[in-house]
Amino acid sequence: MHQATTPRKAILGASNPTLAFLALIAGNVALAFGPWFVRMTDVGPVAAGFWRIALAAPLLLLLAGMTGSRPFAEAKGLWWVLGGSGLLFAGDLGAWHLGIHHTKLANATLLGNCASLIYPIYGFVVARAWPARRQGAALVIALVGAVVLMGRSAQVSPQNLLGDLLCVVAGVLYAGYFILMARARVTMLPLPALALSSIAAIPPLLIASIALGEKVMPGSWTPLVTLALASQVLGQGLMIYALGALSPLVIGLALLVQPIVAAAIGWSVYNERLALPDLVGALLIAVALVLVRRSPRSDRKAA
């Protein structure tokens, strides 16, 4: 049994870092459209999270089977990891979707991705090492860019406070989800891992939406189907693939791509014009991503 696991780990560890990085960026771009789709639905916010997962899970299982995977057989010994990641993701979606309706789009996207700080710190703690000079510089530049990007839109006020707090809670749970999914990705391919984790998230989201008295059955399926395909199948699928090849630092910094895309969506859809601070913040985040990708190979491994 042990001998069969070792080659599989080697195969998973051989993922192309460049391809994984491109998948990571594309996944974050897809996920940045999530808040917009959530607002377009005619069900409750937690119910929207339920349908996002419930509609995507069968497709993820089908795709996993088409690639030759046997998700339930491959999950042996990892049920607590996949179940825990599903519960954390359910909590993340529930809190985040509620927050989206109680704060601004930019606030929800940025605060909901505070895992961009938590997950890299976790990586350095596990490695029992301080970040290399270039890694530390990239992290600081990205955080400064995120603060600048928040600018005028991320205002803490009585009107936005509840939504902001919910999104911060979502970001913490999201970091926990990444930690468990990274562990599952050591021996599992991305599609079966994501499919089983998604299945575990379905019951708590449905129970929570009913307990909150939300409308669960939609009048229009289009926003929910779009949310499931763009955010869960494409966005999370690419993110979980990248978890198997990139360090927590790179994963965390890339999460900050989402506020940039969200700002662009706000500009084009809601006529929220981008000011100079928004452009400067986006540029700083881009510089940080380039910096961490150009780090020496040994530095990236240390992360």
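The preceding data block contains the structure.
Residues numbered from 1 in each chain as written. Predicted model: local features only at pLDDT ≥ 70, side-chain atom pairs only at ≥ 80, totals over all residues. Heavy atoms only, no water.

A. Region of the structure containing the environment of Ala 200. Turning to its location among the elements, Ala 200 is positioned in helix H11 (residues 190–211). Those residues within four positions of Ala 200 in sequence are excluded, and the remaining contacts are Leu 82, Gly 83 and Gly 86. (Helix = DSSP H or I, 4+ residues; strand = E, 2+ residues; numbered from the N terminus. Contact = heavy atoms within 4.5 Å.)

B. Spatial organisation of the nonpolar core. Judged by nonpolar contacts, the single largest core of 53 residues is most densely connected at Leu 24, Leu 82, Tyr 174, Tyr 177, Phe 178, Leu 243 and Leu 246. Counting only elements with at least two residues in this core, the list comes to helix H2 (17–32), helix H4 (45–66), helix H6 (79–100), helix H8 (115–127), helix H10 (158–184), H11, helix H12 (222–243) and helix H13 (248–254). Per-element tally for this core: the top contributor is H4, with 10 residues. In contact with Tyr 177, other than residues within four places in its own chain, are Ser 85, Leu 88, Phe 89, Leu 194, Ser 197, Gln 236 and Ile 240. Core analysis: the next-biggest nonpolar cluster, separate from the first, contains 11 residues, Val 38, Trp 96, Cys 167 and Ala 230 among them. (Core = buried A, V, L, I, M, F, W, Y, C linked by side-chain atoms within 4.5 Å. Buried < 20%, exposed > 50% of the residue type's maximum accessible area, 1.4 Å probe, protein only.)

C. Inspection of the pattern of salt bridges at higher detail. Scanning the entire structure with this criterion turns up 1 salt bridge. Between Asp 42 and Lys 215 there is a salt bridge, with the nearest N and O atoms lying 4.0 Å from each other. Of this pair, Asp 42 sits in the loop between helix H3 (34–40) and H4 while Lys 215 is found in the loop between H11 and H12, placing the two residues 173 residues apart along the sequence. Classification of Asp 42 as partly exposed rests on a relative accessible area of 31%. (Salt bridge = Lys/Arg side-chain N within 4 Å of Asp/Glu carboxyl O.)

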